[in-house]
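Structural characterization, general
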Amino acid sequence: MQFYLDGYKPGDPDILTAELPDAVDVLIVGSGPAGALLAAQLSTFPGISTRLVERLDGPLRVGQADGVACRTVEMFDAFGLSGKLLREAYWVNETVFWRPSKADRSRIERSGRVQDTEDGLSEFPHLIVNQARMQKYLLDYMRNSPTRLEANYGLEFLDLNVETEGEHPVVVTLRKVANGAESTVRAKYVVGCDGARSRVRDSIGAVPRGDFANHAWGVVDMLAVTDFPDIRLKAAIQSADEGNILLIPREGGYMVRLYVDLGEIDPNKREAFRENTQEMVIGTAQRVLRPYTLDVKSVAWFAVYQVGQRVTDRFDDVPADQADSRLPRVFIAGDACHTHSAKAGQGMNVSMQDTFNLGWKLISVLEGRAKPELLRTYTVERHAIAQGLIDFDKEWSKIMASPPKDPNRPELGGLDPAELQAYFVKSGRYTAGVATHYPPATVLTAEATHQNLAKGFTIGMRFHSAPVVRLADAKPVHLGHAARADCAWRIYAFADASGRRLRKLADFLAESPNSPIRRFTPAGANIDSVIDVRAVFQQGHRDLKVEELPSILLPRKGRFGLIDYEKAYCPDLKNGPDIFELRCIDREKGAIVVVRPDQYVSNVLPLDAHDELTAFFGRFLLDRQ
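With respect to the overall build of the chain
- A tally of helices and strands in the chain yields 14 helices and 27 strands.
- Its C-alpha atoms put the chain at 75 × 60 × 55 Å along the principal axes.
- Taken across its 625 residues, the chain has 55% of its residues classed as buried.
- Considering the chain, the positive charge centre built from 77 side chains and the negative charge centre built from 83 side chains are found 2 Å apart.

Below you can see the structure in the form of structure tokens.
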């Protein structure tokens, strides 16, 4: 077997990476979490030409980020990857708080213990798993997708130019890291997921705004022997004089991560914090943990960093004064858009939420499903989320770095340990990733005119799943798990008391010329490929007959016209409150809940608002009749 002809490349020589073509639909720069998730979405569409380029010579081996928010697990479930995550990851079930002992302030004692995420916040837990593993899940998904997409490693982005005409107007210059050879690729769209020092961001003239805070932290992934009793629980530890630690148990049962407070940075010697060695950081940690011992046997990863909070002024290539006259062709995501501290566990999560938002929009436009103006909504929606993240992170970082109050010297200030615990509980929804709320600032989010019909499905927030029973096979499932990363919109129709309004809606969707299904689904495509209709009845699953379901809930699909039996659901009557009660759905009137491809609620409507439903989709989808 011969290989290395064009230079050394690590990894499996049986995995062959195709050379970049002259032109592609989407070029993604950077294979980190944001880039890998975007590539995974696009890889399932054979009609879309996608390439992922990465400056490094191979996949990430040791990850920096590790916190996986509940919302991120929900997203990974849409790729069929949540099971792998749940099996491998550390589950953050509870968080403990430690403070200086009242009897001896040179020693620490436990001051509190709380549940990490509140009951009912998500069906999935908060997890810890190496960023490199997260990326591998997505890279494997790409490799197994219909396009068999592989990343092109060893290619760095140099520059781009957006021309005013042409089918592939973005001209990108790349360079091979191994030999310096340059090449040019044309693309319809480019997405820069190339980190905090993003060259793609620089090439479009976007500017990060904000400051580097003057506080330093060290982070160590270690295998250690210790008598600290909470080594397998997430812990916020305040010492009297040695600083603070955020302790994060890692996956695998043995490793632990410590974020160690290294104190203030001299603004005149901003780089001096880099002089902190691995041994120095571990020594600080050992002093913070007194009277407990910490015997470090092996270090898997070490870094020092300063906390910085920045937001880029825009997330695409269109200046604000041209937003009404130009459509975006270049986008940025992840750290290229926003940088912040690591201790709230938001970086990797929000980065992937960026591209989960962008991916379905690119697919919709490239497949001719939606108007190109849809792409303008990316910057509008995600810039506001990034700014909220930075505001939260500033407050969280300040709290985490604050020394504990000394009851004998209150004039010195500081933070009471009870305040730290209270803030942690208060911010739980944010750190779980479920606080994102898109206001009605774009065509994708409706006004809350009919919100009272389904109060638990807040318009603009993620679709909060709940248990149901699938009618055809009596299988207990979560309704939200019906969603796949397939770019389809979903209509969840919750039945009225009599069921008549639901059946009239079903007849309208199946038969009316004004049905959004008939208007926006291409000829020859599966009936649920653009808008997927699901219904939840009020009766138990043994009280309904599958053969009496409306035709839209028994759609015929594929080359053989096989029947899909997984569109109708009933309440789970065995396990506490049913979905109608959990999500405050009007039992008398029922409701239509419209959900975007990225799992956010776009609209809530009455079951008989047929024309209003079609008009809503007509705001952004293209007629295909």
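Details of the packing of helix α1 (residues 33-43) against helix α7 (residues 347-366)
- Packing of α1 against α7 leaves a shortest axis separation of 8 Å and a crossing angle of 30°. Relative to α7, the element α1 lies roughly parallel. The handedness of the crossing between α1 and α7 is right-handed. Of the residues in α7, those touching α1 at Pro33, Ala34, Leu37, Leu38, Gln41 and Leu42 are Met348, Ser351, Met352, Thr355, Phe356, Gly359, Trp360, Leu362 and Ile363.
- Residues of the contact of α1 with α7, tallied by class, amount to 11 nonpolar, 4 polar and no charged.

Remarks on the state of the cysteines
- The final tally for this structure, using the stated rule, is 0 disulfides.
- Here Cys337 stays free of any disulfide, with the sulfur of Cys193 as its closest cysteine sulfur at 8.3 Å.
- You can call Cys337 buried: its relative accessible area is 1%.

Examining the sheet that holds strand β4 (residues 90-92)
- The strand order β3-β7-β4 describes an open sheet built from 3 strands, whose pairing is antiparallel. Edge positions in the sheet fall to β3 (67-68) and β4, since each of these pairs with one other strand and no more.
- Relative to strand β7 (residues 126-128), β3 is paired through 2 bridges, and the arrangement is antiparallel. Residue pairing in the sheet places Gly67 in a bridge with Ile128 of β7.

Considerations on the environment of Asp528
- For Asp528, the location among the structural elements is in the loop between α12 (516-520) and β22 (531-536).
- Take Asp528: its relative accessible area is 13%, and that puts it in the buried class.
- Between the C-alpha atoms of Asp528 and Met222, which are 306 residues apart in sequence, the distance is 49 Å.
- Excluding residues within four positions of it along the chain, Asp528 makes contact with Ala488, Lys557, Asp564 and Lys567.

Focus on the pattern of salt bridges
- Tallied over the entire structure, the rule returns 43 salt bridges.
- Salt-bridge contacts for Asp221 lead to Arg257; the nearest nitrogen and oxygen are separated by 2.7 Å. Taken together, the positions of Asp221 in strand β12 (residues 208-226) and Arg257 in strand β15 (residues 255-264) put the pair 36 residues apart, joining distant regions of the chain. In this pair, the class of Asp221 matches that of Arg257, namely buried.

A short note on the side chain of Asp572
- Checked against the element boundaries, Asp572 lands in the loop between β25 (568-571) and α13 (579-582).
- In this structure Asp572 is buried but unpaired, with Lys574 as the nearest side chain of opposite charge at 7.1 Å.
- Only 3.2 Å separates the side chain of Asp572 from the backbone nitrogen of Lys574, close enough to count as a polar contact.
- Discounting chain neighbours no more than four positions away, the residues touching Asp572 are Pro467, Val468, Val469 and Asp578.

Points about the side chain of His610
- Along the chain, His610 falls in helix α14 (residues 610-617).
- From its side chain, His610 meets the backbone oxygen of Leu607 in a polar contact 3.3 Å long.
- If we skip the residues at most four places from it in the chain, His610 touches Lys504, Leu505 and Phe508.

Considering the packing of aromatic side chains
- Enumeration over the complete set of coordinates arrives at 20 aromatic pairs.
- Aromatic pair Phe228 and Tyr292: ring centres 5.6 Å apart, planes at 75°, arrangement edge-to-face. With Phe228 in the loop between β12 and β13 (234-238) and Tyr292 in the loop between α6 (278-288) and β16 (294-312), this pair connects stretches of sequence that are 64 residues apart.
- An aromatic cluster of three or more residues is present, and its members are Trp360, Trp489, Phe616, Phe617 and Phe620.
- Sitting over the ring of Tyr189, Arg329 keeps its end group 4.9 Å from the ring centre.

Here we look at empty space enclosed by the protein
- Under the defined criterion, the tally for this structure stands at 8 cavities of 30 Å³ or more.
- For the second largest cavity, the calculated volume is near 130 Å³.
- Taken together, 15 residues line the second largest cavity, and the ones lying closest to its centre are Glu74, Phe463, Ser465, Gly480 and Gln599.
- Looking at the lining of the second largest cavity, the element that brings in the most residues is helix α2 (residues 70-78), giving 4 residues.
- Of the residues assigned to the lining of the second largest cavity, the class counts are 6 nonpolar, 4 polar and 5 charged.

The rules behind each value
Residues numbered from 1 in each chain as written. Predicted model: local features only at pLDDT ≥ 70, side-chain atom pairs only at ≥ 80, totals over all residues. Heavy atoms only, no water. Helix = DSSP H or I, 4+ residues; strand = E, 2+ residues; numbered from the N terminus. Buried < 20%, exposed > 50% of the residue type's maximum accessible area, 1.4 Å probe, protein only. Lys, Arg positive; Asp, Glu negative; His and termini not counted. Charge placed at Lys NZ, Arg CZ, Asp CG, Glu CD. Axes fitted to C-alpha atoms, helices over the stretch in contact; angles between N-to-C directions. Parallel < 35°, antiparallel > 145°, perpendicular 65-115°, else oblique. Left-handed = near helix turned anticlockwise from the far one by under 90°. Contact = heavy atoms within 4.5 Å. Nonpolar A, V, L, I, M, F, W, Y, C, P; charged D, E, K, R; others polar. Disulfide = S-S within 2.5 Å. Pairing = 2+ DSSP bridges. Salt bridge = Lys/Arg side-chain N within 4 Å of Asp/Glu carboxyl O. Polar contact = N/O pair within 3.5 Å; in protein donor to acceptor, adjacent residues only side chain to side chain. Phe/Tyr/Trp six-rings, centres within 6.5 Å; stacked < 30°, edge-to-face > 60°. Lys NZ or Arg CZ within 6 Å of the ring centre and 35° of its normal. 1 Å grid on protein atoms, 1.4 Å probe; cavity = no way out; pocket = protein on both sides within 12 Å on 5 of 7 lines; lining within 4 Å. Points joined across faces, edges and corners; volume = space filled by probe spheres on them.

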